[in-house]
Amino acid sequence: MKMNIRIFISLVLILISTFNAEASPVLSSHVYQVLAAECPAKPRERAQTGFRAEGIQGIVTALHGVAGCKAISAIPSDEGPVFTNLRVIQTDVERDVAILGSDIISREPAIGLPISKKVPSKDLSTIGHPKGLSMQLASQLRLRPQPRRPLRELLPPQLFSAVNERKSPDVDVHVLSLEGSLTSGHSGAPILDTTGSVVGVANGGLDDGGTEITWAAPWQDLRLKKIAEVEEALIRVAALPANLVFSYTAEPMSMPGELELIVSGVEAESRSWWGRTPDREIKYRTSRDGGEVRIHPDVPYLKTLASGDTLSELSYNWTAFRGELPALDVKVVNNTEKTSFLYRAVLEVVESRPDPWPVLLVIADAYRSNAGHLLIKNDGWGAASNVEFRLRFQGEDGDGWTHSMRLKELDGSTNLDLRPMLKAAGADMDALEQLRPGRSTYGGGYESHTLYSKDGRKETISGKELKRRIKNALGPFDSTIVLVTGELEYDAPTASGQTVRHTVGVKAHISLYNQNLAGVPAPPTWEYNAWLRTEGSDYNVEVPISHYVKTGEVDRFIINIGMAQSAHHQFRLRLYYNNDKSVVSGPILLEGFLPRTYVKYLSEATETKVSGKRGGRKKY
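Residues numbered from 1 in each chain as written. Predicted model: local features only at pLDDT ≥ 70, side-chain atom pairs only at ≥ 80, totals over all residues. Heavy atoms only, no water.

Asker: Break down the overall build of the protein for me, citing the residues and quoting the values.
Answerer: When you go through the protein residue by residue, the secondary structure sums to eight helices and 38 strands. Scored against the burial criterion, the 620 residues of the protein give a buried share of 52%. Considering only contacts within the protein whose residues lie at least 6 apart along the sequence, 72% involve residues at least 24 apart. When the accessible area of the protein is evaluated, it comes to approximately 28,400 Å², of which 49% is carbon and sulfur surface. (Helix = DSSP H or I, 4+ residues; strand = E, 2+ residues; numbered from the N terminus. Buried < 20%, exposed > 50% of the residue type's maximum accessible area, 1.4 Å probe, protein only. Contact = heavy atoms within 4.5 Å. Areas by Shrake-Rupley, 256 points an atom, 1.4 Å probe, with all protein chains shown as cover.)

Asker: Break down the state of the cysteines for me, citing the residues and quoting the values.
Answerer: Going through the model one piece at a time under the given rule, you end up with one disulfide. Cys 39 shares a disulfide with Cys 69; S-S distance 2.1 Å. The S-S bond linking Cys 39 to Cys 69 shows a torsion near 105°; that makes this disulfide right-handed. Taken together, the residues span a long stretch of sequence, with Cys 39 in the loop between β2 (31-37) and β3 (46-51) and Cys 69 in the loop between β4 (59-62) and β5 (71-76) at a distance of 30 residues. The burial state of Cys 39 is the same as that of Cys 69; both residues are buried. (Disulfide = S-S within 2.5 Å.)

Asker: I'd like a description of unusual backbone geometry, backed by residues and values.
Answerer: With omega at 5°, the peptide bond leading from Ser 168 into Pro 169 counts as cis. Within the secondary structure layout, Pro 169 lies in the loop between α2 (157-166) and β10 (174-179). The phi dihedral of Lys 167 is positive, around 60°, even though this residue is not glycine. Tracing the backbone through its elements, the reader meets Lys 167 in the loop between α2 and β10. A relative accessible area of 40% means that Lys 167 is categorised as partly exposed. Located in the positive-phi region is Asp 538, a residue other than glycine, with phi close to 55°. Note on placement: Asp 538 falls in strand β34 (residues 536-549).

Asker: So what's going on with the nonpolar core? Residues and values would help.
Answerer: Grouped together as the largest cluster of nonpolar side chains are 84 residues, with contacts concentrated most on Leu 374, Phe 393, Leu 418, Ile 559, Leu 573 and Leu 575. Counting residues in each nonpolar core, the second largest holds 22 residues, with Cys 39, Ile 59, Leu 100 and Leu 234 among its members. (Core = buried A, V, L, I, M, F, W, Y, C linked by side-chain atoms within 4.5 Å.)

Asker: An account of helix α3 (residues 227-239) is requested, with residue identities and associated values reported.
Answerer: Maximum bend of α3: about 45°, positioned at Ala 233. Looking only at α3, the buried set comprises Val 230, Leu 234, Val 237 and Ala 238. Where α3 is buried, its residues contact β6 (87-92), α2 and β14 (225-226). (Bend = angle between axes of the 7 residues up to and from the residue.)

Asker: Hey, could you go over the confidence of the model for the protein for me, with residue numbers and the actual values?
Answerer: Per-chain confidence: the protein averages 78 in pLDDT, with 79% of residues scoring 70 or above. Predicted confidence in the protein is weakest over strand β1 (residues 7-8), with a mean pLDDT of 35, and strongest over β4, with 96. Throughout residues 249-256 the model reports pLDDT below 50, and contacts reaching past four residues in sequence, or to other chains, amount to 23 contacts. Low pLDDT, under 50, characterises residues 518-528; the predicted model gives this stretch 33 contacts beyond four residues in sequence or across chains. (pLDDT = per-residue confidence, 0-100.)

Asker: Outline the environment of Asp 355, listing residues and values.
Answerer: Mapping Asp 355 onto the fold places it in the loop between β22 (340-354) and β23 (360-363). Asp 355 gets classed as buried once you look at its relative accessible area, which sits at 17%. Each C-alpha atom, one on Asp 355 and one on Gly 592, is 8.3 Å from the other, the two residues being 237 residues apart in sequence. What Asp 355 contacts, discounting residues up to four positions off in sequence, is Trp 381, Ala 495, Gln 565, Ser 566, Ala 567 and His 568.

Asker: Explain the sheet that holds β3 residue by residue, including any values.
Answerer: Pairing in this open sheet of seven strands is antiparallel, and the strands run β5-β2-β3-β4-β7-β6-β14 from one edge to the other. Pairing within the sheet leaves two strands with one partner each, and these edge strands are β5 and β14. As paired strands, β6 and β14 are joined by two bridges and run antiparallel to one another. Counterpart to Gln 90 in the pairing with β14 is Lys 226. (Pairing = 2+ DSSP bridges.)

Okay, here's the thing in structure tokens:
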């Protein structure tokens with residue numbers, strides 16, 4: 001049955017001056033925006049409020065927003081630490097309250113908002129993050145007459161059955177009956193008396209706060225239990241679709257009178273001067289999933305590799321890939337009544353983790369100097385292990401693969417020796433190696449070749465004789481160039497820490513006879529604007545900026561992102577303006593791709609410092 005009236009949840013943090021000086025709540029470093037993702041029931045992503053309280057080794061919040069969710073973070077409104085990898089460590093299921101903990105929090109002192117030991121006064125307040133705002137907002141509340149009453153008395157008939165099925169909150173527990181607007185995002189916010197002490201935990205209300213019928217779990221009634229004691233009840237609650245009862249906010253939004261921040265990835269069209277290989281040009285695309293922005297590389301070659309299609313041989317100088325650095329496209333709309341000066345941007349990184357996916361390249365023997373071998377390069381940052389290469393040569397009869405070889409791993413450059421297989425197919429590889437020319441001379445209308453054997457003997461023969469000997473040594477093959485088809489099967493590590501078995505096809509030509517043609521030129525250099533770590537969590541990246549935005553106008557600028565290797569990054573962008581005010585983006589997931597071969601050449605180039613100045617995009 002569709003619910004037109006819902007319980008709401010909320011979270012917020014900024015001071016509004018509607019109280020007298022004694023009752024006004026102040027901005028608190030103990031109040032957090034709690035973000036939950038990968039939740040077992042809809043909605044999969046949720047935002048609410050949490051806070052730290054004296055004597056509690058964790059962050060207090062509402063259970064319904066975090067039950068069963070795998071990715072939980074707590075973000076402060078000030079410069080404090082961001083807590084990630086949170087989990088429910090204690091809960092009062094009947095009163096819909098949870099304590100979030102982590103290894104980091106467990107090592108910190110149990111400090112936070114003071115707890116009231118008195119009967120709450122009539123005038124109350126809350127500090128939270130309503131409607132997904134990243135800033136703190138304060139709201140005024142009042143206790144109704146008969147302030148403690150069973151929750152069932154506040155629920156209309158059309159909502160009672162859904163809440164009763166959850167039993168979290170239980171319809172028979174006593175709650176604080178409040179008058180005031182608690183809205184989606186306030187769930188888990190502290191309810192404060194006039195001294196700023198906690199008297200309850202915000203839990204819900206009717207019509208997303210529109211009726212001002214709201215309630216909270218009384219702090220003195222909480223009966224927190226360890227997870228092992230309530231595991232069965234917690235699993236049941238986590239599996240129920242919470243959106244049938246509760247109204248959620250999953251995406252931070254800007255309110256009238258504030259700056260509006262819109263962030264996406266720069267989606268540059270192809271500007272490559274080397275258009276002969278568009279399948280290996282790196283461009284970035286942006287997609288959105290709820291409130292999260294995903295910036296990911298759009299490289300046809302990587303799609304071919306991931307799908308298991310056939311990898312054809314490549315011939316290139318320096319690096320197989322070129323293109324654009326990832327970059328943030330930042331748009332700021334000034335909804336205020338005065339010009340805003342933007343002076344600092346901060347990438348508040350929740351996590352950076354390396355991407356170890358192997359990127360295999362089959363290298364063409366363009367210079368005819370690798371006879372009987374097939375060169376495989378791994379341009380990714382993790383090894384392909386437990387490798388089996390199954391293959392056949394052009395012209396061999398029968399179905400299936402004729403030859404196979406096993407390798408412990410493919411990491412860096414691996415030159416596969418196929419000479420034993422070519423011998424088995426009928427080629428005289430020893431004779432072909434003896435025929436490698438040491439010096440060729442031309443004159444008088446004829447051509448001569450000087451050959452040097454392994455034991456140092458020298459022999460000069462005509463060009464016609466050289467061709468005859470090569471033809472005899474080729475056996476069943478018609479040319480010194482032979483087509484190889486096959487497949488590589490290997491274990492590949494992923495950014496999530498798993499290992500998958502993967503198979504790709506291979507199609508390449510190998511030389512049976514070395515001719516030792518010319519080599520390659522030297523590599524280019526590069527530069528970048530902002531640097532993300534390969535691995536780490538809870539760190540900030542400062543980017544100096546200088547912009548001003550007049551009332552009603554829009555500004556736009558680019559932040560180029562540099563990195564040391566392929567890695568996945570999860571972060572938000574916070575912009576500071578006008579005397580330490582700030583506005584923050586929604587979650588951004590950047591899947592950075594940086595080929596290993598290019599990094600090799602970077603070490604030989606002039607290092608460029610991080611720069612925040614305006615300028616054109618940089619290629620590598």
